Amino acid sequence: MLSPNHHEVSSPSHFQQLLSADLDRVSVLNFWADWAEPCKQMNAVTLELAKKYPSVLFLQIEAEAQSDISESFDIESVPSIILLQGHTLLQRISGADAPAITAAVAKFTSVSSANPQSRTDLPPATAVANPSEDLESRMTRLMNQSKVVLFMKGSPDAPRCGFSRRICGLLQDQKVKFTHFDILSDESLRQGLKKRNDWPTFPQLIINGEFVGGLDIVQEMVENGEFSEALAP
Amino acid sequence: MINLADLEAAIRNALPVSHLEIQDQSSGCGESYAIVLVSEAFEGKGTLARHRFVNDLLKDQIAQMHAFSQKTFTPKQYQDLVAKQG
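Residues numbered from 1 in each chain as written. Chains lettered and ligands numbered in written order. Predicted model: local features only at pLDDT ≥ 70, side-chain atom pairs only at ≥ 80, totals over all residues. Heavy atoms only, no water.

*Asks:* Help me out: how do you make sense of the overall build of chain B in this one?
*Replies:* Scanning chain B from N- to C-terminus turns up four helices and three strands. The order of α-helices and β-strands along chain B, N terminus first, is α-β-β-α-α-β-α. For chain B, with 86 residues in total, the buried portion stands at 37%. A separation of at least 24 residues holds for 54% of the contacts in chain B among residues at least 6 apart in sequence. As presented, chain B carries roughly 4700 Å² of accessible surface, and 50% of it is formed by carbon and sulfur atoms. (Helix = DSSP H or I, 4+ residues; strand = E, 2+ residues; numbered from the N terminus. Buried < 20%, exposed > 50% of the residue type's maximum accessible area, 1.4 Å probe, protein only. Contact = heavy atoms within 4.5 Å. Areas by Shrake-Rupley, 256 points an atom, 1.4 Å probe, with all protein chains shown as cover.)

*Asks:* Sorry if this is basic, but what is going on with the sheet that holds strand 1 (residues 6-8) of chain A here?
*Replies:* Residue and element names in this part refer to chain A. If you walk across this open sheet you meet the five strands as 1-3-2-4-5, and the pairing is mixed. The open sheet has two edge strands, strand 1 and strand 5 (88-94), and neither has a second partner. The sheet shows a mean angle of 20° between the axes of neighbouring strands, taken without regard to direction. Sheet analysis places strand 1 next to strand 3 (residues 57-62), joined by three bridges and oriented parallel. Its bridge partner lying in strand 3, His6 is registered against Phe58. Sheet contacts for helix 1 (residues 12-20): strand 1, strand 2 (26-32), strand 3 and strand 4 (80-85); angle to strand 3, the most-contacted strand, approximately 170°. Packed onto the sheet, helix 4 (residues 98-109) meets strand 2, strand 3, strand 4 and strand 5 and runs at close to 160° relative to strand 5. (Pairing = 2+ DSSP bridges. Axes fitted to C-alpha atoms, helices over the stretch in contact; angles between N-to-C directions.)

*Asks:* Sorry if this is basic, but what is going on with the pattern of salt bridges here?
*Replies:* If the charged atoms of two oppositely charged side chains come close together, the side chains can form a pair. Residues and elements named next belong to chain A. Per the counting criterion, the structure on display carries eleven salt bridges over all chains. Put simply, Glu37 and Lys40 hold a salt bridge, and the shortest N to O gap is 3.2 Å. By relative accessible area, which is 53% here, Lys40 ends up exposed. Notably, a salt bridge pairs Arg190 with Glu76, separated by 2.8 Å at the nearest N-O pair. Separated by 114 residues along the polypeptide, Arg190 in helix 7 (residues 187-196) and Glu76 in the loop between helix 3 (67-72) and strand 4 bring together distant segments of the chain. According to the relative accessible area criterion, Arg190 is buried, its value standing at 8%. Taking the relative accessible area as the measure of exposure, Glu76 reaches 42% and is therefore partly exposed. Sharing partners across several salt bridges, the network here consists of Glu76, Glu187 and Arg190. (Salt bridge = Lys/Arg side-chain N within 4 Å of Asp/Glu carboxyl O.)

*Asks:* So what exactly am I meant to see when it comes to the packing of helix 5 (residues 135-143) of chain A against helix 7 of chain A here?
*Replies:* Each pair of packed helices can be summarised by the angle the axes make with each other and by the distance between the axes. Residues and elements named next belong to chain A. Two numbers describe how helix 5 lies on helix 7: the axes approach to 10 Å, and their chain directions differ by 80°. Classed by the angle they form, the pair helix 5 and helix 7 counts as roughly perpendicular. When helix 5 is examined against helix 7, the residues Leu135, Glu136, Arg138, Met139, Thr140, Leu142 and Met143 are found in contact with a partner set consisting of Ser188, Leu189, Gly192, Leu193 and Arg196. (Parallel < 35°, antiparallel > 145°, perpendicular 65-115°, else oblique.)

*Asks:* Looking at this structure, how should I read the packing of aromatic side chains?
*Replies:* Given two aromatic rings, one states the distance between the centres and the angle between the planes to describe the pair. Residues and elements named next belong to chain A. In total, this model carries six aromatic pairs over all chains according to the counting rule given. A centroid spacing of 6.0 Å and a plane angle of 90° characterise the contact between Phe15 and Phe73, whose relative ring orientation is edge-to-face. Within this pair, whereas Phe15 is found in helix 1, its partner Phe73 is found in the loop between helix 3 and strand 4, the two being separated by 58 residues in sequence. A relative accessible area of 15% means that Phe73 is categorised as buried. Taking 6.1 Å as the distance between ring centres and 55° as the angle between the ring planes, the aromatic pair formed by Phe151 and Phe181 counts as tilted. Placement of Phe151 in strand 6 (residues 148-152) and of Phe181 in strand 9 (residues 179-182) is noted, with a sequence separation of 30 residues between them. For the pair Phe151 and Phe181, a shared accessibility class is recorded, and that class is buried. Cation over ring: Arg165 sits above Trp35, and NZ or CZ is 4.5 Å from the ring centre. (Phe/Tyr/Trp six-rings, centres within 6.5 Å; stacked < 30°, edge-to-face > 60°. Lys NZ or Arg CZ within 6 Å of the ring centre and 35° of its normal.)

*Asks:* Mind showing me how you'd approach the side chain of Asn5 of chain A here?
*Replies:* Residues and elements named next belong to chain A. Considering the arrangement of structural elements, one finds Asn5 in the segment before strand 1. By relative accessible area, Asn5 is classed as buried at 7%. Among the polar contacts listed, one links the side chain of Asn5 to the backbone oxygen of Ala50, at a separation of 3.0 Å. Among the polar contacts listed, one links the side chain of Asn5 to the backbone oxygen of Val56, at a separation of 2.8 Å. Once residues within four sequence positions are removed from consideration, Asn5 is found in contact with Ala50, Tyr53, Pro54, Val56, Leu57 and Phe58. (Polar contact = N/O pair within 3.5 Å; in protein donor to acceptor, adjacent residues only side chain to side chain.)

*Asks:* How do you make sense of the environment of Asn144 of chain A when you look at a structure like this?
*Replies:* Residues and elements named next belong to chain A. When you line up the elements, Asn144 lands in the loop between helix 5 and strand 6. By relative accessible area, which is 46% here, Asn144 ends up partly exposed. For the pair Asn144 and Ile207, spaced 63 residues apart in sequence, the C-alpha to C-alpha distance is 8.3 Å. Setting aside residues no more than four positions away along its own chain, Asn144 makes contact with Asn208 and Gly209.

Pasting the structure below:
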């Protein structure tokens, strides 16, 4: 049962109506999809936060059904949370980061100073990769880490975008063994691959170290027989 | 956004077309198109090469859309497809 400040958005006009009812209050937009497991956690978190903060507006937005709204906020993956005050963007949270959303709602609704829940004096962990390996060599190494490599948003068990989910499904249907890399975890790699493969989007499928295509192309190749040729030893 | 007639004209100007279908997937808003394009210009080109070729020829038009998807066939491939579908 949703509390009075918690709504499922049914259309762009419903969205505008809810926001403009009070342009001074903070709103939390939760972009979700029923096929993405991490969204279950974030949905549960927003349900609890809505009960705790009755003055904040909580909006559930099914990202694919409300694609116009998703696009206007540049939503690339689910779950994604946007905090607004009226129409002003306060913060963006990408991924099922329950502590981040809890802290953000607390931050923007109270003036009191932060009360840290944990403290550490340890230095931040250093990256595992060899620091002297440059981006080009790193991309080459990853593209050749197995015969078939998929650069995607999220992972096959927890895809973070519809296209990434569908290409995983397609590879599984075709019984193709592949390794993956989550490009959401590494911004320099994400931009580097777009330039290297001269392709603006993800997912990107690599076979034998060479860029093959995104979802549309791989689908077409399956249909015209080119895919099995590309996989031949 | 780009209107369907302009997109069609741009495609026909860019390469020889034996069959073309254009679908506006944004419910008439001209923001998102899916095309089926049959052309002898695709002979000898793999799928990726065809897509890059079309993306390049139509880059000004694609820049005006939010989303674009394409299915490409040579005349022979398209003939075979139609025969299979009966």
